Amino acid sequence: GAGGWSPLDSDHYQWLQVDLGSRKQVIAIATQGRYSSSDWTTRYRLLYSDTGRNWKPYHQDGNIWAFSGNSNSESVVRHELQQGTVVRFLRFVPLEWSEEGRIGLRIEVYGCSYSIYEPSCEAYKHLGRSSDTYWIDPDGSGPLAPFKVSCNMTEDKVWTTVMNNLPAKTTITGSSKEKRTVLQVNYSASMDQVTAITTSAESCEQHISYSCRMSRLLNTPGKRRFFNSRRLEQGSGFEPPGGPGAFSGYSRFLPASKDIVHWGHRQIF
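Residues numbered from 1 in each chain as written. Predicted model: local features only at pLDDT ≥ 70, side-chain atom pairs only at ≥ 80, totals over all residues. Heavy atoms only, no water.

Some points on the confidence of the model for the protein chain
Low pLDDT marks regions whose predicted coordinates should not be analysed in detail.
Okay, so step 1: Mean pLDDT over the protein chain works out to 77, with 69% of the residues at or above the 70 mark.
Okay, so step 2: Segment residues 223-243 is flagged for pLDDT under 50; beyond a separation of four residues in sequence, or across chains, it makes 66 contacts in the model.
Okay, so step 3: Between residues 251-269, whose pLDDT stays under 50, and residues either more than four places distant or in other chains, the model counts 107 contacts. (pLDDT = per-residue confidence, 0-100. Contact = heavy atoms within 4.5 Å.)

So, empty space enclosed by the protein
Okay, so step 1: By the definition in use, this model includes one cavity of 30 Å³ or more.
Okay, so step 2: In this structure, the largest cavity occupies an estimated 40 Å³ of space.
Okay, so step 3: In terms of lining, the largest cavity is formed by Val26, Leu46, Tyr48, Tyr58, Leu81, Thr85, Val87 and Leu90.
Okay, so step 4: Contributions of two or more residues to the lining of the largest cavity are made by β2 (41-49) and β7 (77-97).
Okay, so step 5: Counting residues per element, the lining of the largest cavity draws most heavily on β7, which supplies four residues. (1 Å grid on protein atoms, 1.4 Å probe; cavity = no way out; pocket = protein on both sides within 12 Å on 5 of 7 lines; lining within 4 Å. Points joined across faces, edges and corners; volume = space filled by probe spheres on them. Helix = DSSP H or I, 4+ residues; strand = E, 2+ residues; numbered from the N terminus.)

Structural notes on helix α2 (residues 191-198)
Okay, so step 1: Looking only at α2, the buried set comprises Gln193, Val194, Ile197 and Thr198. The arc that holds every buried residue of α2, seen down its axis, measures 130°, which confines them to one face. (Buried < 20%, exposed > 50% of the residue type's maximum accessible area, 1.4 Å probe, protein only. Arc of directions from axis to C-beta.)

Quick notes on the environment of Gly84
Okay, so step 1: Secondary-structure assignment places Gly84 in strand β7.
Okay, so step 2: For Gly84, the residues in contact, after removing those within four places along its chain, are Gln25 and Val26.

Some thoughts on the packing of aromatic side chains
Okay, so step 1: A full pass over the atoms with the stated rule returns six aromatic pairs.
Okay, so step 2: Between the aromatic rings of Trp55 and Phe89, the centroid separation amounts to 6.5 Å while the plane-to-plane angle is 70°, which identifies the pairing as edge-to-face. Of this pair, Trp55 sits in the loop between β2 and β3 (56-57) while Phe89 sits in strand β7; the two residues are 34 residues apart in sequence, bridging distant segments of the chain. Neither residue differs from the other here; Trp55 and Phe89 are each classed as buried.
Okay, so step 3: Relative to Tyr134, the ring of Tyr124 has its centre 4.4 Å away and its plane inclined at 20°; by these criteria the two rings are stacked. Of the two residues, Tyr124 sits in helix α1 (residues 121-126) while Tyr134 sits in strand β9 (residues 132-136), which places them 10 residues apart along the sequence. (Phe/Tyr/Trp six-rings, centres within 6.5 Å; stacked < 30°, edge-to-face > 60°.)

Structure (structure tokens):
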């Protein structure tokens, strides 16, 4: 495009810094001179940093590397990095420049998002991993933090379970207006994290079962029962009749990628 960077002073104290916003894997860089001018950079050095304070020079073939730049203002010179460098900040440091003008640069950085964790259970299966508990990072280097899930890879489809703090079956001893039974479910992931792995779901279902002993459930007069699961961020509730019993439940999703996600309901009353 038009324009470009050209400092007022052309000396060896100049540099152009780029903030990628978060850590990215950089695989190539490209430069041009300043648009429609006599300003370009013929040789430069590349520095990188994760903090913007401590800088390291890019090495290639065991040496601090100097990249060849441009001989005019319009041609593009691209360099593939021998090894992908994971960084947030880059600095382009001019070493030599146009004899006809000043330092001039337009740059482009090529790369991709980076995370030390795989984005899903299905990705772990493709790596040959077996059923286990794994950290996943659905949005890569995005704002969401990685979180732990349980991956079941024993079937053709991969099941992803977001864990909560309740056992598979929770025993209760009855409920009344004066003494309600309230079970609060806490998850190992926030709703934003859960949403990140369910946005591609093509179907979903939520299930709650109530096992009772000496407790009439469906035809007990005067007892109020409800269950609300239309939206995951809403509480899911049930008010049981008097008498002992046990609750168990789960929610599951069928994403288009065949990576199935399921978890327990958020609240039981």
